[in-house]
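The lines below spell out each chain.
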Amino acid sequence: MKFLLLSPEKTLFDGEVESATLPGTKGIFTVWEHHASLLSTLERGKVTCKADGAERHFEVSGGFAEVKDNVVSVCVEKASELTI
């Protein structure tokens, strides 16, 4: 599925992933390929996306996520990639 992580300053990630884990305001959730459509607000926390067996981690300040037609779009106020 396609995963986009956007902030007002730049695009932090734009590519194909196997899964994405997001810090929803009602709890952490994971999106997989062909996931049902949804719209969620996000709180401060960690976004993790998995592609080709590797994980990338981002610290986000909050925002929202939309899942629709096998595309996950995440818009956040601020974000930075973590090195783990």
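Residues numbered from 1 in each chain as written. Predicted model: local features only at pLDDT ≥ 70, side-chain atom pairs only at ≥ 80, totals over all residues. Heavy atoms only, no water.

1. What to know about unusual backbone geometry
Reasoning step 1: Even without being glycine, H34 reaches a positive phi, approximately 65°.
Reasoning step 2: Within the secondary structure, H34 is located in the loop between β4 (27–32) and β5 (38–42).
Reasoning step 3: The exposure class assigned to H34 is exposed, which follows from its relative accessible area of 65%.
Reasoning step 4: The phi dihedral of D52 is positive, around 55°, even though this residue is not glycine.
Reasoning step 5: Position of D52 relative to the elements: it lies in the loop between β6 (45–51) and β7 (54–60). (Helix = DSSP H or I, 4+ residues; strand = E, 2+ residues; numbered from the N terminus. Buried < 20%, exposed > 50% of the residue type's maximum accessible area, 1.4 Å probe, protein only.)

2. Structural notes on the packing of aromatic side chains
Reasoning step 1: Scanning the model with the defined rule gives 1 aromatic pair in all.
Reasoning step 2: Geometrically, the ring pair formed by F3 and F13 is tilted, given 5.7 Å between the ring centres and 55° between the ring planes. Separated by 10 residues along the polypeptide, F3 in strand β1 (residues 2–6) and F13 in strand β2 (residues 11–16) bring together distant segments of the chain.
Reasoning step 3: Accessibility expressed as a relative area gives 0% for F3, which makes it buried.
Reasoning step 4: What makes F13 buried here is its relative accessible area of 10%. (Phe/Tyr/Trp six-rings, centres within 6.5 Å; stacked < 30°, edge-to-face > 60°.)

3. Thoughts on the nonpolar core
Reasoning step 1: F3, L5, L22, V72 and V74 are the most contacted members of the largest nonpolar core, which totals 20 residues.
Reasoning step 2: Of all the secondary structure elements, the ones that give two or more residues to this core are β1, β2, β3 (19–24), β4, β6, β7, β8 (63–68) and β9 (71–76).
Reasoning step 3: It is β9 that contributes the most residues to this core, 3 residues altogether.
Reasoning step 4: Not counting residues within four places of it along the chain, the set of residues in contact with L22 comprises F3, G27, I28, F29, V31, L42, V47, A65, V72 and V74. (Core = buried A, V, L, I, M, F, W, Y, C linked by side-chain atoms within 4.5 Å. Contact = heavy atoms within 4.5 Å.)

4. Comments concerning the side chain of S61
Reasoning step 1: Position of S61 among the secondary structure elements: in the loop between β7 and β8.
Reasoning step 2: Among the polar contacts listed, one links the side chain of S61 to the backbone nitrogen of K78, at a separation of 2.9 Å.
Reasoning step 3: Residues within four places of S61 in sequence aside, it is in contact with R44, E77 and K78. (Polar contact = N/O pair within 3.5 Å; in protein donor to acceptor, adjacent residues only side chain to side chain.)

5. A word on the pairing of β3
Reasoning step 1: The element β3 is largely enclosed, with a buried count of 5 among its 6 residues.
Reasoning step 2: Connecting β3 to the next strand, β4, in antiparallel fashion are 2 residues.
Reasoning step 3: In terms of strand pairing, β3 meets β6 through 3 bridges, oriented antiparallel. Pairing of T21 across the sheet is with T48, part of β6. (Pairing = 2+ DSSP bridges.)

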